[in-house]
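A structural walkthrough
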Amino acid sequence: MRNAVTFYSEGMKLQGDLYRPVGAAPDAGRPGVVLCHGYTGVKDLYLPDKAAALVAAGYVVLAFDYKGWGSSEGQPSRLAPWSRVNDVMAAVTFLGLQDGVDRQRIGLYGTSYGCATVVVAAALDERVACVVGVVGMGHGARWMRSVRRPDEWFDLLDRSERDRERRVRTGTSEFVAREEILLPDRQSAALAAAARAGNPDAVGRIPLEFIDETLIFHPEWFVEHVAPRPLLLVAAGDDRLVPPEESQHLFDLAGDPKKLVVIPGTGHYEVYTGPALERVMEETVSWYDAWLHGGIQEDGK
């Protein structure tokens, strides 16, 4: 059962979807999960399938759009990583206010750049009881450099510097094609284009400000503070957009309890469909069942 909801973060109204198991009693005290999308994602892209798997396992799920994405209020199409962290913490508060949700058992799930976001949010917000991060990066600058040739990297830094000066002088950032910043491999480009083609909220142009904001956002600086809350990381073994080494760096710096799963022969966007998605959700549900589930029974009994 899916219902549209709204809540506020830093004074801006965010749009979300609340998913509940069919027939769940309002006083069941079920655990909840906040789903967080990636770099230029929206709540209706990739997240509904994950919500369905979690609801089937007995969880109440909240998916939402960050400020400026989808129909949420805010300056359009900004990355604003620290603002996103605040949005996640507001989502945790909102989910904990819902009837039938145990606010002591709320987990986070983040995919791609959403993985980076939930790691930082969980490190800062001790209300978060459990974390799952999928195909995420640990260090923004290292990641952006790792997928570029040297000339491309230095060109990117030059563009970032010019746009930084433009923003100071004019208050605006230059918008460019999404692929100029999120440099896709051939497989990622094809799969992402196919998935985004039917979604009216999927944007094709983003501000160059994304560069600066990524270069200074490093979840591996925060990941040790997630412990002793449990952390599951899932990487795609053939990910050429966000290499699996990024998940490995996060895992190495995290405290226990933790687990790293690498799905072999799988690209970045392949984790959103087919057998790879099934594997991701099997690992996710198993992790939440072990650390967050806490004895849910049918009909809340």
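Residues numbered from 1 in each chain as written. Predicted model: local features only at pLDDT ≥ 70, side-chain atom pairs only at ≥ 80, totals over all residues. Heavy atoms only, no water.

Moving on, we get to the packing of helix H1 (residues 47-56) against helix H9 (residues 274-293). Orientation of H1 relative to H9, taken along the N-to-C sense of each, is 45°, at an axis distance of 10 Å. The angle between H1 and H9 falls in the class oblique. Two packed elements cross with a definite hand, and for H1 against H9 that hand is right-handed. Contact residues: H1 offers Asp 49, Lys 50, Ala 53 and Leu 54, while H9 offers Leu 277, Met 281, Thr 284, Val 285 and Tyr 288. Grouping the constituent residues of the contact of H1 with H9 by class yields six nonpolar, one polar and two charged. (Axes fitted to C-alpha atoms, helices over the stretch in contact; angles between N-to-C directions. Helix = DSSP H or I, 4+ residues; strand = E, 2+ residues; numbered from the N terminus. Parallel < 35°, antiparallel > 145°, perpendicular 65-115°, else oblique. Left-handed = near helix turned anticlockwise from the far one by under 90°. Contact = heavy atoms within 4.5 Å. Nonpolar A, V, L, I, M, F, W, Y, C, P; charged D, E, K, R; others polar.)

Now for the side chain of Arg 229. Within the element layout of this structure, Arg 229 appears in the loop between helix H7 (209-215) and strand S9 (231-236). Among the polar contacts listed, one links the side chain of Arg 229 to the backbone oxygen of Ala 122, at a separation of 2.7 Å. Only 2.8 Å separates the side chain of Arg 229 from the backbone oxygen of Val 128, close enough to count as a polar contact. Excluding residues within four positions of it along the chain, Arg 229 makes contact with Ala 122, Ala 123, Asp 125, Glu 126, Val 128, Ala 129 and Pro 257. (Polar contact = N/O pair within 3.5 Å; in protein donor to acceptor, adjacent residues only side chain to side chain.)

A few words on a negative patch on the surface. A contiguous patch of negative charge, built from Asp 151, Asp 155, Asp 158, Glu 161 and Glu 165, is present on the exposed surface. Topologically, Asp 155 is positioned in helix H5 (residues 150-170). The exposure class of Asp 155 is partly exposed, given its relative accessible area of 47%. (Patch = residues over 30% accessible without salt bridge, like charges linked within 9 Å, V, L, I, M, F, W, Y side chains within 5 Å. Areas by Shrake-Rupley, 256 points an atom, 1.4 Å probe, with all protein chains shown as cover. Salt bridge = Lys/Arg side-chain N within 4 Å of Asp/Glu carboxyl O. Lys, Arg positive; Asp, Glu negative; His and termini not counted. Charge placed at Lys NZ, Arg CZ, Asp CG, Glu CD. Buried < 20%, exposed > 50% of the residue type's maximum accessible area, 1.4 Å probe, protein only.)

Time to look at the pattern of salt bridges. Using the criterion set out here, one finds 22 salt bridges in the structure. Among the ionic pairs, Glu 152 bridges to Arg 149, the shortest N-O distance being 3.0 Å.

A separate point is the packing of helix H2 (residues 81-96) against helix H3 (residues 113-124). Interaxial distance between H2 and H3 falls to 9 Å at its minimum, and their mutual angle equals 65°. In this structure, the crossing between H2 and H3 has a hand that is right-handed. Residues Pro 81, Trp 82, Arg 84, Val 85 and Val 88 of H2 touch H3, and the partners they reach there are Tyr 113, Thr 117, Val 120, Ala 121 and Leu 124. Its residues placed into classes, the contact of H2 with H3 shows eight nonpolar, one polar and one charged.

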